[in-house]
Amino acid sequence: MAVAAEQKTDKLYGQAPKETTQFQQIVRRFLRNKAAVVGLIVLLLMYLVAIFAPYLASESLDAMNIPARFTPPSLEHPFGTDNLGRDVLSRMIWGSRVSLSVGFVAMTMAVAIGSLVGAVAGFYGGTWIDILLMRLAEAISIIPVFFLLITVVSVIRPSIFNIMLVIGVTSWPGLAQIVRSQFLSLRQRDFTEASRAMGASDARLIFRHILPNAAGPIIVSATLRIGSAILTESSLSFLGLGTQPPLTSWGQMLSQGRPFLLQAPWVSIFPGLAIFIVVICFNFVGDGLRDALDPKMKR
Amino acid sequence: MGRYLLKRVLNMIPLLILATLLSFSIMQLAPGGPEKVLLAAEDATLDPSRIEELRERWGLNDPIPVQYVRWLGNVLTGDFGRSYFYRKPVSEVIGSALPATLQLQSIALFLTYLIALPLGIISAVRQYSKLDYAVTGLAFAGQAAPSFWVAILLIWGVAMKSNGLIPTNGIATPGVNFETYGWLSVLADRAKYMILPLTVMVFGSLTSLTRYMRSSMLEVLKEDYIRTARAKGLAEKVVVYKHALRNALLPVISISGGLLSSMVGGAVITETIFSWPGIGRVGFDAVTQRDYNVSMAIMLMSGVLTLIGFLLVDIAYVWVDPRIKYD
């Protein structure tokens, strides 16, 4: 017992502890989470594939070859061909550009709106503006989101830009509530009081002092949101309300392969697998980030 | 408690009005109303005078605020208007689709809780065991797998290889009725059609509930009073199921309210894939056919459902945690 305690003291005081910045500690905690690291690597690879699609796809998006339709997976066509003889793998590589960017753009929009609304509501917590903004967020969140989405998309012609816009504009309320609760507690901290006493304006307090302190939960929720935005886009495309030809996305490919499920299951199964892998990786990374940014919340 | 609930209910009214106003405005912004869809279906030539006539008859030429107030007034008297597409009262359209959805959803909800709660508890109690890893992995998979992909995998991998034993669409075999076949075969027939949709739905909603149950159980098991309970020699079963579970249920209850409403959205995809004649499909058709009255009724219904979910959460809180008092 005594020896153990001594060793412990030795560890604590014996040698000067290495100076580490908070950022380094976060990175170290993140790297310890294997699932998150693997997820991050897979995602980086997928985004590289999307960026270099023109060099990687062996065939163009619409290279039809009717005699070769429904070729099962082979060396020439690793994921087989579809009903028009198009190479499934090549189309998936092209489609990754839509699927992967939708998530990013929609998330950026949701985070921008959600943080702004949540920040203002939380900073002025209890005033009429807080009540107004939160009521609006609540009203949007009691409308079934997916139903609202198909309504909006069927009203404004479906196109990838519109899809990104709609997903972004409808998915901010949850984030706004998270940011608001952060602001409600942060605005009472000493550092806020101190800057206020030094004459900082409200805008400066919100954006320079409080928002950076609320960054952790925002980053975590943003990461998880990219995954769910990708899922939403694929669901819309599956219903025919998403990405429209000549462009393609994984959800759309899956839906196009559905009538031929019996003859050529690979046309649907591989794009679905890609969605699954991307979303699960975003969830791994999001979970890893949460544990790394806030070790107290580790479950 | 009674006064608190009354206040909550009164607070919901402006929320519902705001939500329906938003939905109403979005829908009416659509270029081309229900008359275009209808007439295009009847014949290819669109006669402008007929369009005008229909729009006038349905009151679609009035300004949006006027139409909204008229709609709201009618709803308050219990009149949801007529469906332009089905040419029937909306209440009839919804009334005929609702039972199928309720039947599926209530069973799915029941199964979800029945499976998710024990799964979450066991994997928390045996943290880092093989079972825990399996459950956590399954939860991650369920959260990431698109429901339509799971459905397609099931249709391809299970239904198509079952020689027609597991049907992939519809709700019942035509002609199988109580009179000629008896209730047992009718029940078996219905159950057969529910296997795939139920699997997809339960797999999708199971995951978040399991993860919540697991993490809140883990947190509670670290508390001092649990150590006390163990120290005074209580059986582990009593500690887990009597002392810990009650507190661990609180966060789980708080997300249950949202589960109700997310099921309406989920119904759109599941019902479309499996041709289940329920609200999700009716809603999807209503949206694409610009059948405003039906869409609005469904929006309102699911908004009310969500709020009822939140209210039930409040009530359940008091029931589980006597420390909480509303006044």
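Conventions adopted
Residues numbered from 1 in each chain as written. Chains lettered and ligands numbered in written order. Predicted model: local features only at pLDDT ≥ 70, side-chain atom pairs only at ≥ 80, totals over all residues. Heavy atoms only, no water. Patch = residues over 30% accessible without salt bridge, like charges linked within 9 Å, V, L, I, M, F, W, Y side chains within 5 Å. Areas by Shrake-Rupley, 256 points an atom, 1.4 Å probe, with all protein chains shown as cover. Salt bridge = Lys/Arg side-chain N within 4 Å of Asp/Glu carboxyl O. Helix = DSSP H or I, 4+ residues; strand = E, 2+ residues; numbered from the N terminus. Buried < 20%, exposed > 50% of the residue type's maximum accessible area, 1.4 Å probe, protein only. Core = buried A, V, L, I, M, F, W, Y, C linked by side-chain atoms within 4.5 Å. Contact = heavy atoms within 4.5 Å. Axes fitted to C-alpha atoms, helices over the stretch in contact; angles between N-to-C directions. Parallel < 35°, antiparallel > 145°, perpendicular 65-115°, else oblique. Left-handed = near helix turned anticlockwise from the far one by under 90°. Nonpolar A, V, L, I, M, F, W, Y, C, P; charged D, E, K, R; others polar. Phe/Tyr/Trp six-rings, centres within 6.5 Å; stacked < 30°, edge-to-face > 60°. Lys NZ or Arg CZ within 6 Å of the ring centre and 35° of its normal. pLDDT = per-residue confidence, 0-100. Buried area = accessible area lost by both parts, 1.4 Å probe.

## Thoughts on a nonpolar patch on the surface
Residue and element names in this part refer to chain A.
Phase 1 of the analysis: A contiguous nonpolar patch, built from Ile 41, Leu 45, Leu 48, Val 49, Ile 51, Phe 52, Tyr 55 and Leu 56 and spanning about 810 Å² of accessible area, is present on the exposed surface.
Phase 2 of the analysis: Of all the elements in the fold, those that place two or more residues in the nonpolar patch are helix 3 (34-51) and helix 4 (53-56).
Phase 3 of the analysis: Element by element, the count of residues in the nonpolar patch is highest for helix 3, at five residues.
Phase 4 of the analysis: Positionally, Ile 51 belongs in helix 3.
Phase 5 of the analysis: Look at Ile 51 and you get exposed, because its relative accessible area is 53%.

## Overview of the nonpolar core
Phase 1 of the analysis: Ranked by size, the top nonpolar core spans 122 residues in total, and within it A:Ile150 and A:Trp250 carry the most contacts.
Phase 2 of the analysis: A per-element tally of this core places helix 14 (residues 266-293) of chain A first, with 14 residues.
Phase 3 of the analysis: With residues up to four places along the chain from it excluded, the contact list for A:Ile150 reads A:Leu236, A:Leu239, A:Leu241, B:Val268, B:Phe284 and B:Val287.
Phase 4 of the analysis: With 29 residues, the next largest nonpolar core counts B:Met217, B:Leu218, B:Val220 and B:Ala229 among its residues.

## Topic: the packing of helix 1 (residues 2-28) of chain B against helix 13 (residues 292-320) of chain B
Residue and element names in this part refer to chain B.
Phase 1 of the analysis: The geometry of helix 1 relative to helix 13 is characterised by a closest axis approach of 10 Å and an angle of 155 degrees between their N-to-C directions. The pairing of helix 1 with helix 13 is recorded here as roughly antiparallel in orientation. Two packed elements cross with a definite hand, and for helix 1 against helix 13 that hand is right-handed. Two secondary-structure elements touch here, helix 1 through Tyr 4, Leu 5, Arg 8, Val 9, Met 12, Leu 15, Leu 16, Thr 20, Ser 23, Phe 24, Met 27 and Gln 28 and helix 13 through Tyr 292, Ser 295, Met 296, Met 299, Leu 300, Gly 303, Val 304, Leu 307, Phe 310, Leu 311, Asp 314 and Ile 315.
Phase 2 of the analysis: Looking at the contact of helix 1 with helix 13 residue by residue, the classes come out as 17 nonpolar, five polar and two charged.

## A word on the packing of aromatic side chains
Phase 1 of the analysis: What the rule picks out here adds up to nine aromatic pairs over all chains.
Phase 2 of the analysis: Ring geometry for A:Phe238 versus B:Phe148: centroids 4.5 Å apart, planes at 15 degrees, classification stacked. Taken together, the positions of A:Phe238 in helix 12 (residues 215-238) and B:Phe148 in helix 7 (residues 147-159) put the pair across two chains.
Phase 3 of the analysis: The class of B:Phe148 is buried, set by a relative accessible area of 0%.
Phase 4 of the analysis: Connected via pairs of aromatic rings, a cluster forms that spans B:Phe24, B:Tyr68 and B:Trp71.
Phase 5 of the analysis: Stacked on the ring of B:Phe140, the Lys or Arg B:Arg211 has its end atom at 4.4 Å from the ring centre.

## Thoughts on the environment of A:Glu193
Residue and element names in this part refer to chain A.
Phase 1 of the analysis: Within the secondary structure layout, Glu 193 lies in helix 10 (residues 190-197).
Phase 2 of the analysis: Judged by its relative accessible area of 41%, Glu 193 falls in the partly exposed class.
Phase 3 of the analysis: For the pair Glu 193 and Gly 85, spaced 108 residues apart in sequence, the C-alpha separation works out to 67 Å.

## Points about the confidence of the model for chain B
Phase 1 of the analysis: Of all residues in chain B, 89% attain a pLDDT of 70 or more, and the chain-wide mean is 80.
Phase 2 of the analysis: Quick note on the complex model: pTM equals 0.83, ipTM equals 0.81.

## A closer look at the interface of chain B and chain A
Phase 1 of the analysis: Contacts between the two partners involve 48 residues from chain B, matched on the other side by 40 residues from chain A.
Phase 2 of the analysis: Regarding the contact of chain B and chain A, the summed buried area is about 4000 Å², with carbon and sulfur atoms giving 79% of it.
Phase 3 of the analysis: Per-residue buried area on chain B facing chain A is highest for B:Phe148, B:Trp149 and B:Ile152; these three make up 15% of the total on that side.
Phase 4 of the analysis: For the interface between chain B and chain A, the tally reads one salt bridge.
Phase 5 of the analysis: The partner of A:Asp287 in a salt bridge is B:Arg211, with the nearest N and O atoms 2.6 Å apart.
Phase 6 of the analysis: For the side of chain B that touches chain A, the elements supplying multiple residues, two or more each, are helix 1, helix 6 (130-144), helix 7, helix 9 (183-221), helix 11 (236-273), helix 12 (279-288) and helix 13 of chain B.
Phase 7 of the analysis: No other element matches helix 1 of chain B, which puts ten residues into the side of chain B that touches chain A.
Phase 8 of the analysis: Partitioned by chemical class, the residues of the side of chain B that touches chain A number 33 nonpolar, 13 polar and two charged.

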